[in-house]
Amino acid sequence: MAVRVSDVPEAKRYEARVDGESTVAGVAQYIRTTELVAFVHTEVSPKYEGRGVGAALARTALDEARAAHLLVLATCPFIAGWIARHPEYQDLVYQAHSRVSD
């Protein structure tokens, strides 16, 4: 099964399709700024669960964030969990820096 993932900026999400089907098999919604991309929701159609659609969405989205020199804020539990299981993507994770005043 081939999964094709495309960025659809006007919808602020990545879309996955399987084997040339027109139906969207899964999406990863995001909010992008000039410095980072926040992944806020990932959803895979029940018909495609367990077939690598979520992994394809995560890998493509994170690889494109890296190529664009963006940090990643994963508020979506799926993306956060995927990054935790794939340490090669840890360098993309946004780290908040708080200021302490005297």
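The rules behind each value
- Residues numbered from 1 in each chain as written.
- Predicted model: local features only at pLDDT ≥ 70, side-chain atom pairs only at ≥ 80, totals over all residues.
- Heavy atoms only, no water.
- Buried < 20%, exposed > 50% of the residue type's maximum accessible area, 1.4 Å probe, protein only.
- Helix = DSSP H or I, 4+ residues; strand = E, 2+ residues; numbered from the N terminus.
- Pairing = 2+ DSSP bridges.
- Axes fitted to C-alpha atoms, helices over the stretch in contact; angles between N-to-C directions.
- Parallel < 35°, antiparallel > 145°, perpendicular 65-115°, else oblique.
- Contact = heavy atoms within 4.5 Å.
- Nonpolar A, V, L, I, M, F, W, Y, C, P; charged D, E, K, R; others polar.

Visitor: Explain the pairing of strand β2 (residues 13–18) here, please?
Guide: Where a strand is regular, its side chains alternate between the two sheet faces. Buried residues dominate β2, accounting for five of its six residues. The pairing of strand β1 (residues 3–8) with β2 spans six bridges and is classified as antiparallel. Counted as the bridge partner of Val3 is Val18 from β2. Where β1 folds back on β2, the antiparallel hairpin that results is connected by four residues, among which Lys12 adopts a positive phi of roughly 55°. Sheet topology places β2 next to strand β3 (residues 26–32); four bridges connect them, and they run antiparallel.

Visitor: When you look at the pairing of strand β4 (residues 36–44) in this model, what are you seeing that I'm missing?
Guide: In terms of strand pairing, β3 meets β4 through seven bridges, oriented antiparallel. By the bridge assignment for β4, Arg32 is matched with Val37. Pairing analysis gives four bridges linking β4 to strand β5 (residues 71–74), with the strands arranged parallel. Bridge assignment links Leu36 to a residue of β5, and that residue is Leu71.

Visitor: Just checking my understanding: could you explain the packing of helix α1 (residues 53–67) against helix α2 (residues 77–85) for this structure?
Guide: Axis angle and axis distance: for two packed helices, these are the angle between their axes and the distance between the axes, and together they describe the pair. It is at 10 Å that the axes of α1 and α2 come closest, and there the two elements cross at 75°. Of the possible angle classes, the one that applies to α1 and α2 is roughly perpendicular. Where α1 abuts α2, its residues Gly54, Ala55, Ala58, Arg59 and Leu62 lie against Phe78, Ile79, Trp82 and Ile83. For the contact of α1 with α2, a count of residues per class yields seven nonpolar, one polar and one charged.

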